[in-house]
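Remarks on the overall topology
Here is what each chain is made of, one letter per residue.
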Amino acid sequence: NLTSAYIMATSYASIIAGAKGLLWYHESTSGSSVISAESWWPTLSGLAFEMNTLRPIIGNSQSSWAASANVVSPERVDVASYTHNGKAYLLAVNTEPVSAHVTYTLHNLSYTPNTAVDIFTSAVVVTTDTTHFSDTLTPYGRRVYELAAGSVPLAYLLGAVDITQYVQELEGVDFGLPEPT
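Quick summary incoming for the structure in this document. Here the residue numbering is sequential within each chain, running from 1 through the sequence in written order. In view of the model being predicted, local features appear only for residues whose pLDDT reaches at least 70, and side-chain atom pairs are presented and counted only at 80 or more, with totals across whole chains, interfaces and linings using the full set of residues. Only hydrogens and water are set aside; all other atoms, that is, all heavy atoms of the structure, feed into the side-chain values.

Turning our attention to the nonpolar core. By size, the foremost hydrophobic cluster in this structure holds 21 residues, and its most contacted members are Tyr 12, Leu 54, Tyr 82 and Leu 91. Runs of H or I in DSSP of at least four residues are treated as helices and runs of E of at least two as strands, each being numbered from the N terminus. For this core, the secondary structure elements donating two or more residues are helix H1 (4-16), helix H2 (41-58), strand S2 (77-84) and strand S3 (87-94). Among the elements that line this core, the one with the most residues is H1, at 7 residues. By size, the runner-up hydrophobic cluster in this structure holds 18 residues, among which are Ala 92, Tyr 104, Leu 106 and Leu 109. Buried Ala, Val, Leu, Ile, Met, Phe, Trp, Tyr and Cys residues that are joined via side-chain atoms within 4.5 Å together make up what is termed a nonpolar core. Only protein chains enter the accessibility calculation, which uses a 1.4 Å probe. A residue is then buried if its area is under 20% of the maximum for its type, exposed if over 50%, and partly exposed in between.

Next comes the structure, spelled out in structure tokens:
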């Protein structure tokens with residue numbers, strides 16, 4: 001029985017494995033010959049939105065860095081690394097119907113990221129060191145991380161995460177602004 005989560009996971013797994021596009025055909029699961037009657041039909045428009053957003057990123061398959069995933073449980077998480085406009089992106093998908101806690105290892109990245117931000121949810125995972133960070137993916141869950149360095153992500157500015165470490169790093173930095181009067 002098809003679920004929205006399974007459709008998204010298998011689509012992401014295909015892209016991560018190197019597919020250059022996705023093709024969908026209707027095989028009725030509800031007994032109806034009308035595709036829009038299927039419970040998973042709205043998922044396809046969400047998938048189209050995400051793939052359109054990712055097109056510039058995944059269209060550039062030349063990446064000088066790589067990532068690997070170490071999953072604590074025996075489940076499988078597929079990953080792929082991309083570089084677009086000088087930024088590194090990591091696609092990850094949990095291909096199993098159970099949650100997976102995963103530690104990502106970044107290999108040969110040309111800069112040191114301080115955060116990994118999911119581009120669709122704005123979820124922030126702060127890296128634990130220069131080459132590793134951990135996250136938990138829901139059953140059939142997926143993430144597209146932008147690996148950011150040297151800037152404060154919007155989620156920090158909005159108060160989603162404590163910005164104390166950034167304030168401490170910026171103390172004493174001369175931004176060339178006039179003193180307040």
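On to the sheet that holds strand S4 (residues 100-107), then. Sheet strands line up and pair through hydrogen bonds in the backbone, either parallel or antiparallel. When DSSP locates at least two bridges between a pair of strands, those strands are taken to pair. Strand order in the open sheet formed by 3 strands is S1-S4-S7, with antiparallel pairing between adjacent strands. In this open sheet, the two strands that pair with only one neighbour each are strand S1 (66-71) and strand S7 (132-137). Across the sheet, the mean angle from the axis of one strand to that of its neighbour is 30°, orientation sign disregarded. Here 6 bridges tie S1 to S4, and the two strands are oriented antiparallel to one another. Residue pairing across strands places Ala 67 opposite Leu 106, the latter belonging to S4. Angles run from 0 to 180 degrees between N-to-C directions of axes, and those axes are lines fitted to C-alpha atoms, restricted for helices to the stretch in contact.

Here we come to the pattern of salt bridges. When a carboxyl oxygen of Asp or Glu is within 4 Å of a side-chain nitrogen of Lys or Arg, the pair counts as a salt bridge. Inspection of every chain in the model, using the stated rule, returns 5 salt bridges. Among the ionic pairs, Lys 87 bridges to Glu 146, the shortest N-O distance being 3.6 Å. Taken together, the residues span a long stretch of sequence, with Lys 87 in strand S3 and Glu 146 in strand S8 (residues 142-148) at a distance of 59 residues. Where Asp 118 meets Arg 143, a salt bridge forms, and the shortest distance between an N and an O atom there is 3.7 Å. Here Asp 118 is found in strand S5 (residues 115-118), whereas its partner Arg 143 is found in strand S8, with 25 residues between them in sequence.

It is worth spelling out the packing of aromatic side chains at this point. Side-chain rings of Phe, Tyr and Trp, where Trp is taken by its six-membered ring, are said to pair if the distance between their centres is within 6.5 Å; with planes under 30 degrees apart they count as stacked, over 60 as edge-to-face, and otherwise as tilted. Taken as a whole, this structure holds 5 aromatic pairs when the rule is applied. Both rings, one in Phe 49 and one in Phe 120, keep their centres 6.4 Å apart while their planes meet at 55°; by these two values the pair is tilted. Separated by 71 residues along the polypeptide, Phe 49 in helix H2 and Phe 120 in the loop between S5 and strand S6 (124-126) bring together distant segments of the chain. You can call Phe 49 exposed: its relative accessible area is 54%. Judged by centre distance (5.4 Å) and plane angle (65°), the rings of Tyr 104 and Tyr 145 are edge-to-face. Taken together, the residues Tyr 104 in strand S4 and Tyr 145 in strand S8 connect sequence positions 41 residues apart. When sorted by exposure, Tyr 104 lands in the same class as Tyr 145, which is buried. Within the aromatic cluster, the residues linked to one another by ring pairs are Tyr 104, Phe 133 and Tyr 145.

That is the geometry; function is a separate question.
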